[in-house]
Amino acid sequence: MPELPEVEYTARQLRAQIVGATIRDAQVFWERIIGHPAPADFLAEVADREISAVRRRGKFLVLDLSSDLFLSIHRRMTGNLLLLPPGWEIDTSLREVDPLAWSTRGPTFREAPIDGQRAASGQASTDSRLKPITENETSYCRICFNLADGRRLLFTDPRKFGRIELWPCAGEEEAFRGLGPEPLSDTFTPERLQSALAGRKSTLKTVLLAQEVVAGLGNIYADEALYYAFLHPLRRANSLTIDEIRLLHEGIVSVLTLGIEHGGTSFSDYRDLWGEAGDNYNHVRVYQQDGRPCMRCGTTIERIVLAQRSAHFCPTCQKLTEVSIAE
Ligand SMILES: [Zn+2]
C-alpha cells in the first residue's frame, strides 16, 4: 500500500503537470470507486473545474478545484494514477462484448494514429518519462478525468479498494476525520508524539499504523522508523522514555524524508505518475529484509506477525525486555 512518501512523490509529480489545467469531464467505469457524493452528483460537480493545487494529507492525495471543492484520492492497495498525453482514445467496446471481463478490466486506452500536431503535443508532456506508456498500464481504469487540453488522468486499480471523494472545502475536517498530525510538519513534535503514545498499551507497531497518532505511516516506514530508533515492534507504546520518543520522532521524520527523496518504495503494485517504479526499495533497512544481515550489527533480520500484519526487526538492535512487553 502506498504510504506517505509514495503519495507525496506522486503529488509533486502531479503538481508540476496539472495545476492550472481544467477537468472537462470525467468518466467512471466502476461506480464504487466514488466514495462521496453519489456518482451522478460527483460527475456533474467535477466537470469544468480548474485544478488549482495538488497537495497531500496523510496517505490521501488532494486536488483543489475551482471554486471551493477538492478531490481526495486514496489509493489503498493497488490504486495508481497515470497521466496520458493528448491523443489517447478510449475503447469501451468490451462493455457490450464481454460484461464480465469489462467489470474486471475496464476500458482500453490506445494511442491514436499519429498526425504531426498530436505527436508534438504528446512529446512535451512525456519529457520527464523514461519509457513510453503502454496500453497494458492503462488496464483496470476505474475513473478517467478528461482534461480540456486533451490529456487524461487515469485512476487504475486492479483490486478496486481505492476511493475518490469530492468535497466542498468547508467539509475538509469531515473528509479527513481521525487523521493525526502530518509527520513532516511543525505540528508533529516529540511532545505531541509523547502525548499520543501516553495512554496506549498496545504494541508500538500497531500504534504507529493508527492514522490518528501520526498520519501517513504504514508497514514499511513504521518498521524502518522503529529500526532507526532501536525499538522492538512489540514494545508497549506507553513504555517509552522521553529519549526513546525523541529518537522515534527523529526516525519517523528521517525515514519518510528519505523515502520521498528516493521516489517512494516500490513493490508489486506501486507506480509513479508515469507508471515507473520508485527506488526506495534499494534503501530499506529492515522491511522485507528477513533472513538478511542487519546493516548495523550483522544479526539476521527477523519477521514476526502481529494483528495480521508483519513486522521486521533486528533482534539485537531492537531488544525486548520483559517489563516493556505489550499485553
Ligand atoms: Zn542489528
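Residues numbered from 1 in each chain as written. Predicted model: local features only at pLDDT ≥ 70, side-chain atom pairs only at ≥ 80, totals over all residues. Heavy atoms only, no water.

Would you mind going over helix α10 (residues 242-261) with me for this structure?
In an α-helix, one turn spans 3.6 residues, which is why side chains three or four residues apart end up on the same side. Here α10 is 20 residues long and its end C-alpha atoms lie 29 Å apart, about the 28 Å a rise of 1.5 Å per residue gives. When α10 is considered as a whole, its buried residues turn out to be Ile-245, Leu-248, His-249, Gly-251, Ile-252, Val-255, Leu-256, Gly-259 and Ile-260. Buried residues along α10 cover an arc of 160 degrees about the axis, so they all sit on one side. Of the exposed residues in α10, those oriented more than 90 degrees away from the buried face are Asp-243 and Glu-261. Close packing links the buried residues of α10 with α1 (4-18), α7 (190-198), α8 (204-209) and α9 (219-228). (Helix = DSSP H or I, 4+ residues; strand = E, 2+ residues; numbered from the N terminus. Expected span 1.5 Å × (residues − 1). Buried < 20%, exposed > 50% of the residue type's maximum accessible area, 1.4 Å probe, protein only. Arc of directions from axis to C-beta. Contact = heavy atoms within 4.5 Å.)

I'm lost on the packing of α9 against α10 in this one. Help?
Between α9 and α10, the shortest axis-to-axis distance is 8 Å and the interhelical angle comes to 130 degrees. Looking at the two axes, α9 sits oblique to α10. Where α9 crosses over α10, the handedness of that crossing is right-handed. In this structure, α9 uses Tyr-221, Glu-224, Ala-225, Leu-226 and Tyr-228 to contact α10, whose residues at the interface are Leu-247, Leu-248, Glu-250, Gly-251, Ile-252, Ser-254, Val-255, Leu-256 and Gly-259. (Axes fitted to C-alpha atoms, helices over the stretch in contact; angles between N-to-C directions. Parallel < 35°, antiparallel > 145°, perpendicular 65-115°, else oblique. Left-handed = near helix turned anticlockwise from the far one by under 90°.)

In this structure, what is going on with the coordination of the zinc ion? I would like to understand it.
Reference values for coordination geometry: four tetrahedral donors around a metal ideally subtend 109.5 degrees, six octahedral donors ideally subtend 90 or 180 degrees. For the zinc ion, every protein donor is listed as Cys-294 (SG), Cys-297 (SG), Cys-314 (SG) and Cys-317 (SG), and the spread of their distances is 2.2 to 2.4 Å. Geometry at the zinc ion is tetrahedral, judged from its four donor atoms and the angles of 101 to 113 degrees they form at the metal. Considered as a linear motif, the donors of the zinc ion on their single chain read C-x2-C-x16-C-x2-C. Taken together, the residues Cys-294 in the loop between α10 and β12 (302-306) and Cys-317 in the segment after β13 (309-313) connect sequence positions 23 residues apart. Neither residue differs from the other here; Cys-294 and Cys-317 are each classed as buried. (Donors = N, O, S within 2.8 Å, 3.2 Å for Na, K, Ca; no water. Tetrahedral: all angles 85-135°; square planar, octahedral: opposite > 155°, others 65-115°.)

So what exactly am I meant to see when it comes to the packing of aromatic side chains here?
What the rule picks out here adds up to four aromatic pairs. Grouping aromatic residues by their ring pairs yields a cluster made of Phe-60, Phe-70 and Phe-176. Sitting above the plane of the Trp-30 ring, Lys-160 keeps its charged end 3.5 Å from the centroid. The positively charged end of Arg-296 is found above the aromatic ring belonging to Phe-230, 3.8 Å away from the centroid. (Phe/Tyr/Trp six-rings, centres within 6.5 Å; stacked < 30°, edge-to-face > 60°. Lys NZ or Arg CZ within 6 Å of the ring centre and 35° of its normal.)

Hey, could you run me through the confidence of the model for the protein in this one?
Atomic detail in the predicted coordinates should be set aside for any region of low pLDDT. Confidence in the prediction of the protein, expressed as mean pLDDT, is 89, and 87% of residues score 70 or more. Confidence drops under pLDDT 50 across residues 118-127; counting only partners more than four residues distant or on other chains, this segment forms 14 contacts. (pLDDT = per-residue confidence, 0-100.)

I would appreciate a short explanation of the pairing of strand β9 (residues 141-147) in the present structure.
Each regular strand shows side chains that alternate between the opposite faces of the sheet. Across the seven residues of β9, seven count as buried, placing the element largely inside the fold. By the bridge criterion, five bridges tie strand β1 (residues 22-28) to β9 in an arrangement that is antiparallel. Bridge assignment links Ile-23 to a residue of β9, and that residue is Leu-147. With five bridges connecting them, β9 and strand β10 (residues 152-156) associate as antiparallel partners. Paired with Ile-143 across the two strands is Phe-155, which belongs to β10. Here β9 folds back onto β10, and the loop between the two strands holds four residues, one of which, Gly-150, carries a positive phi near 100 degrees. (Pairing = 2+ DSSP bridges.)

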